Amino acid sequence: MLPDDKTLTEQGLAPEGRGRMLLIACGALAREILALKALNNWDYMDLTCLPANLHLYPERITEAVENGVLKHRAAYQNIFVVYADCGTGGLLQAKCAELGVEMVAGPHCYSFFEGNEAFAELDDEITAFYLTDFLVKQFDAFVWKPMGLHKHPELRDMIFGNYTKLVYQAQTLDPALKAKAKNCAERLGLAFEYRFTGYGDLATTLKAQSKKPD
Amino acid sequence: MSDEDQDIILADLDDDELVQQMFDDLYDGLKEEIEEGVNILLSRDWPPYRVLTEALVGGMTIVGQDFRDGILFVPEVLLAANAMKGGMAILKPLLAETGAPRVGGMVIGTVKGDIHDIGKNLVGMMMEGAGFEVADIGINNSVESYLAAIEEHKPEILGMSALLTTTMPYMKVVIDTMIEQGIRDDYIILVGGAPLNEEFGKAIGADAYCRDAAVAVETAKEHVARKHNKAAAG
């Protein structure tokens, strides 16, 4: 059973210990990966997640992924890392190459949900602040509190003043989440844009992995 | 802050106690208290430059060190910077009148594709506090924008900042263009930003990577002094 978002944020998810392939993913992607797994009957894929709050400390991601690979590799035929570069500056890619495992292409999840090619062509990307389904749900834990805005709302424009809009990249059709995302934009003083992305390159990437021979 | 602290009357403190209290107030991001402290020291005939360096820069250096060591986080640093800004606003016109020493000049900006400026703004403020003339050219700067700014301001130092791993390689584009134009060695190039490190600074041909604002000030001073010594010897 999938734990709640707080657990995914702070602790991650342990694998079930079944299947020949292990996905080591960011906790923020757990729901989406399990949805794709169920949809495609990828029963041979097992999932373990690192705490999603590593998103706030990208310098810790590479070591955490390495530890995950080393811990689990004996129990699976194949391991796939469901992280993009995610602010590691190429270090995660280099580590995965060293460990002989593959990972998701692209700079971050905002890019692969949109589709890496499409994202690279966006003109106004640099002044957009992105939220996914998970980040909308966890807005206070990932944005509002770490930036100190719960105690010092006057810091908002010092932190977000150069952004022009909040883009909600929706993985699922959920009017309540859309309304919450709109409220997040208002709280940050940003224009709101809604983009339904679905699972984007996450779906095609996992599908490609599923077609690999045993 | 405790109730005991709230009872402190700044004007009743002697100079040393007041400076220590201002360190605490900067640490706590108390802008009004910092402004009051600055005015009290000025009323005690402290030269503006001394107030700036001993009370404000001294206090912000502690804030910078604790940020680097993971004791303070971005919000606290922003509050402290805001408090320092309040003090600087009082001192700036006085510094101009009294002719504070000029250590050097710096053009500073965030690279193309990047709109993050918290670190850059802190460095700019600390450099000003240390006696540098700072031309802040803002965010999302192209090579052309950097080159135009150094042409206009003729600084000793060019500072570049980036927060994103996707934008930090642009620093090399700027440096390579300066090499092509034969002007690279006319400037001290300092780089900084969360995802950078010393190795990256070396690899792109910068003079130094500065891990925080206090280090940027010290590095800038060292390099400018070295440059002046070289010029004197030459």
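Structure: above.
Residues numbered from 1 in each chain as written. Chains lettered and ligands numbered in written order. Predicted model: local features only at pLDDT ≥ 70, side-chain atom pairs only at ≥ 80, totals over all residues. Heavy atoms only, no water.

Notes on the overall build of chain B
Regarding its fold elements, chain B presents 10 helices and 5 strands. Projected onto the principal axes, the alpha-carbon positions of chain B cover approximately 60 × 40 × 25 Å. Here chain B, with 234 residues, has 49% of them falling under the buried criterion. Long-range contacts, defined here as pairs at least 24 residues apart, represent 72% of the contacts in chain B between residues at least 6 apart. Entry remark: accessible area of chain B is about 11,000 Å², with carbon and sulfur atoms responsible for 50%. For chain B, the distance from the average site of its 18 positive side-chain charges to the average site of its 41 negative ones is 11 Å. (Helix = DSSP H or I, 4+ residues; strand = E, 2+ residues; numbered from the N terminus. Buried < 20%, exposed > 50% of the residue type's maximum accessible area, 1.4 Å probe, protein only. Contact = heavy atoms within 4.5 Å. Areas by Shrake-Rupley, 256 points an atom, 1.4 Å probe, with all protein chains shown as cover. Lys, Arg positive; Asp, Glu negative; His and termini not counted. Charge placed at Lys NZ, Arg CZ, Asp CG, Glu CD.)

What about the environment of Ala96 of chain B?
Residues and elements named next belong to chain B. Relative to the helices and strands, Ala96 resides in helix α5 (residues 74-98). The exposed category is assigned to Ala96, whose relative accessible area is 64%. With 113 residues separating them along the chain, Ala96 and Tyr209 place their C-alpha atoms 31 Å apart.

Focus on the state of the cysteines
Considering all chains together, one arrives at 0 disulfides over all chains under this definition. Free cysteine: Cys86 of chain A, not disulfide-bonded; nearest cysteine sulfur from Cys109 of chain A at 6.1 Å. (Disulfide = S-S within 2.5 Å.)

Thoughts on unusual backbone geometry
Positive phi, normally seen in glycine, also occurs at Asn41 of chain A, with a value near 55 degrees. With respect to the helices, strands and loops of the structure, Asn41 of chain A is situated in the loop between α2 (30-40) and β2 (45-50). Of note in this structure, Asp45 of chain B is not a glycine but carries a positive phi near 65 degrees.

What about the layout of surface pockets?
Taken as a whole, the second largest pocket holds about 380 Å³ of empty space. As for the second largest pocket, its lining consists of 21 residues, of which Lys85, Asn121, Leu122, Met125 and Asp136 of chain B are closest to the centre. Contributions of two or more residues to the lining of the second largest pocket are made by α9 (156-160) of chain A together with α5, α6 (118-129) and β2 (132-136) of chain B. Here the residues of the lining of the second largest pocket are counted per class, giving 9 nonpolar, 5 polar and 7 charged. (1 Å grid on protein atoms, 1.4 Å probe; cavity = no way out; pocket = protein on both sides within 12 Å on 5 of 7 lines; lining within 4 Å. Points joined across faces, edges and corners; volume = space filled by probe spheres on them. Nonpolar A, V, L, I, M, F, W, Y, C, P; charged D, E, K, R; others polar.)

By themselves, these observations are geometric and do not establish any function.
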